Amino acid sequence: MLAAAGPAPGASEQRGDGGRFSVLTWEQVQRLDQILGEAVPIHGRGNFPTLSVRPRTIVQVVRSRLEKKGITVHNVRLNGSAASHVLHQDSGLGYKDLDLIFGVDLKTEDVFQLVKDVVMDCLLDFLPEGVNKDKITPMTLKEAYVQKLVKVCNETDRWSLISLSNNSGKNVELKFVDSLRRQFEFSVDSFQIILDSLLLFGECSENPMAENFHPTVTGESMYGDFEEAMDHLRNRVIATRSPEEIRGGGLLKYCNLLVRGFKPKSEVDMKALQRYMCSRFFIDFSDIGEQQRKLECYLQSHFVGMESKRYDYLMTLHRVVNESTVCLMGHERRQTLNLIAMLAVRVLTEQNIIPTVTNVTCFYQPAPYVSEINFNYYVTHVQPFLPCNQPYPTWLPCN
């Protein structure tokens, strides 16, 4: 359990898996311990109070309750951008959501429901003293504190997600995984850190951690080669494989990485992969209304504190879609490009760079085959933006 008893910190462990595991250094363990020990606000809707809970406590309580209900937790892992931040603090990724993965067996529908009930019971216990808990139902708690609830159950994937609300976008996401075929988008976000040894140390040790007295904590790269993925993280390199396996194709994350200064490992290969990204994105979000909702939610949740980057992001997305979309009909492609352009205009308006959206005029040039004698420009003012729950218009009216 102590560092002295395990492999050298920073060394990859060869387990017949291409070196996908590595032991964390003392500095990395310290960052991990800090993240798990910092209280995270879970904001309630309406009159429900804000819960202030440490991730370490959430994991311990949820795990204990699951095991009391007969559900074995094989391990608990920190995933995604928070894990990347632990491994390399100056990665340029930052981190927003705190993704915690519980390895469990989800063999029946009853187990899925039991996991959900356990999390709701834990939220009830996290309510501050003085709150009357007698009449608070699991449904009420879900409406008050759960941002997102997902269940996936098919031949290759069996998992559920409960995302707890945070108004600044740093949601605590509890993912309960039996099987998950694709566990990463790009190499730089492919890391998972196994938390069990650090949690056990906190429960059992009477002495605080020190450089020569701390648990051996192991990280894993789901991309495959841990050191290669770490090299990509340090040098801000974009690398992936089979993006068609990713929901949404990884398109939105790819453009986010570009805006943050990451560069493709191979420009030629990435141009080919961009086509797969776009194709999968439009398979998963085929309706223009779905595309609008997805883009607006992504902008809201991934650019907290970086609002000035939203315009650059949308222009990068516009360029990639324009260059690499081969699966759409012409009018569908133009719809999507127009949506991205109008979102960019709204971003500029929000930043007071232009006075108002309705003052912007779009000029649609006629096709090349239109003869000069009939040459005309069709002019339309950009329409006001619709709420997320409204369908996006297929055509814009022309004056």
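Remember, it's a predicted structure, so these values are computed and weren't measured experimentally.

Caption draft 1: Layout of the packing of aromatic side chains. By the definition in use, this model includes ten aromatic pairs. When the centroid spacing of 5.0 Å and the interplanar angle of 20° are considered together, the rings of Phe102 and Phe176 count as stacked. Linking Phe102 in strand E6 (residues 98-103) with Phe176 in strand E9 (residues 172-179), this pair joins segments that are 74 residues apart in sequence. Since its relative accessible area comes to 0%, Phe102 is described here as buried. Judged by centre distance (5.9 Å) and plane angle (85°), the ring pair of Phe184 and Tyr223 falls under edge-to-face.

Caption draft 2: Structural view of the nonpolar core. Ranked by size, the top nonpolar core spans 96 residues in total, and within it Leu32, Leu78, Phe102, Phe176 and Ile193 carry the most contacts. In this structure Ile193 touches Leu24, Leu32, Val76, Arg77, Leu78, Ala83, Val86, Leu87, Val217, Thr218 and Gly219, once residues within four positions along its chain are discounted. Core analysis: the next-biggest nonpolar cluster, separate from the first, contains six residues, Ile101, Trp159, Leu161 and Leu180 among them.

Caption draft 3: Representation of helix H4 (residues 109-126) within the structure. With 18 residues, H4 should reach 26 Å at 1.5 Å per residue; the first-to-last C-alpha distance of 26 Å fits that figure. Looking only at H4, the buried set comprises Val111, Phe112, Val115, Val118, Val119, Met120, Cys122, Leu123, Leu124 and Phe126.

Caption draft 4: Inspection of the packing of helix H9 (residues 267-284) against helix H11 (residues 310-324) at higher detail. Where H9 contacts H11, the two axes come as close as 9 Å, and the packing angle between them is 95°. By the angle between their axes, H9 is roughly perpendicular relative to H11. Only Arg319, Val320, Val321, Glu323 and Ser324 of H11 make contact with H9, whose side of the interface consists of Lys271, Gln274, Arg275, Cys278 and Phe282. In terms of residue class, the contact of H9 with H11 is built from four nonpolar, two polar and four charged.

Caption draft 5: Examining the pairing of strand E11 (residues 218-221) more closely. Side chains of E11 alternate between two faces, with Thr218 and Glu220 and Gly219 and Ser221 buried alike. Judged from the three bridges that link them, strand E2 (residues 21-23) and E11 form a sheet pairing that is antiparallel. Within the sheet, the bridge partner assigned to Ser22 lies in E11 and is Gly219. Here three bridges tie strand E10 (residues 191-194) to E11, and the two strands are oriented antiparallel to one another. Bridge pairing in E11 links Phe191 to Ser221.

Caption draft 6: Looking closely at the side chain of Arg310. Residue position: Arg310 is located in helix H11. No salt bridge is formed by the buried Arg310; its nearest oppositely charged neighbour, Glu350, is found at 4.1 Å. Setting aside residues up to four positions removed in sequence, Arg310 forms contacts with Leu299, Gln300, Phe303, Val347 and Glu350.

Caption draft 7: Summary view of the side chain of Arg77. By secondary structure assignment, the location of Arg77 is in strand E5 (residues 76-79). Take Arg77: its relative accessible area is 12%, and that puts it in the buried class. Within polar-contact distance, the side chain of Arg77 engages the side chain of Asn75 at 3.5 Å.

Caption draft 8: Fine view of the pattern of salt bridges. Summed over the entire model, instances satisfying the criterion amount to 17 salt bridges. Of the charged contacts, one joins Arg63 and Glu67 as a salt bridge, the two residues approaching to 3.6 Å between their closest N and O atoms. With a gap of four residues between them, Arg63 and Glu67 both fall in helix H2 (residues 55-68), about one helical turn apart. Owing to a relative accessible area of 42%, Glu67 belongs among the partly exposed residues under this scheme. Ionic pairing is found between Glu296 and Arg346, a salt bridge with its closest N-O pair at 2.8 Å. Highlighted residues: Glu296 in helix H10 (residues 288-302) and Arg346 in helix H12 (residues 330-350), separated in sequence by 50 residues. Judged by its relative accessible area of 9%, Glu296 falls in the buried class. Taken together, the shared-partner salt bridges connect Arg20, Arg77 and Glu220 into one network.

Conventions and cut-offs
- Residues numbered from 1 in each chain as written.
- Predicted model: local features only at pLDDT ≥ 70, side-chain atom pairs only at ≥ 80, totals over all residues.
- Heavy atoms only, no water.
- Phe/Tyr/Trp six-rings, centres within 6.5 Å; stacked < 30°, edge-to-face > 60°.
- Helix = DSSP H or I, 4+ residues; strand = E, 2+ residues; numbered from the N terminus.
- Buried < 20%, exposed > 50% of the residue type's maximum accessible area, 1.4 Å probe, protein only.
- Core = buried A, V, L, I, M, F, W, Y, C linked by side-chain atoms within 4.5 Å.
- Contact = heavy atoms within 4.5 Å.
- Expected span 1.5 Å × (residues − 1).
- Axes fitted to C-alpha atoms, helices over the stretch in contact; angles between N-to-C directions.
- Parallel < 35°, antiparallel > 145°, perpendicular 65-115°, else oblique.
- Nonpolar A, V, L, I, M, F, W, Y, C, P; charged D, E, K, R; others polar.
- Pairing = 2+ DSSP bridges.
- Lys, Arg positive; Asp, Glu negative; His and termini not counted.
- Salt bridge = Lys/Arg side-chain N within 4 Å of Asp/Glu carboxyl O.
- Polar contact = N/O pair within 3.5 Å; in protein donor to acceptor, adjacent residues only side chain to side chain.

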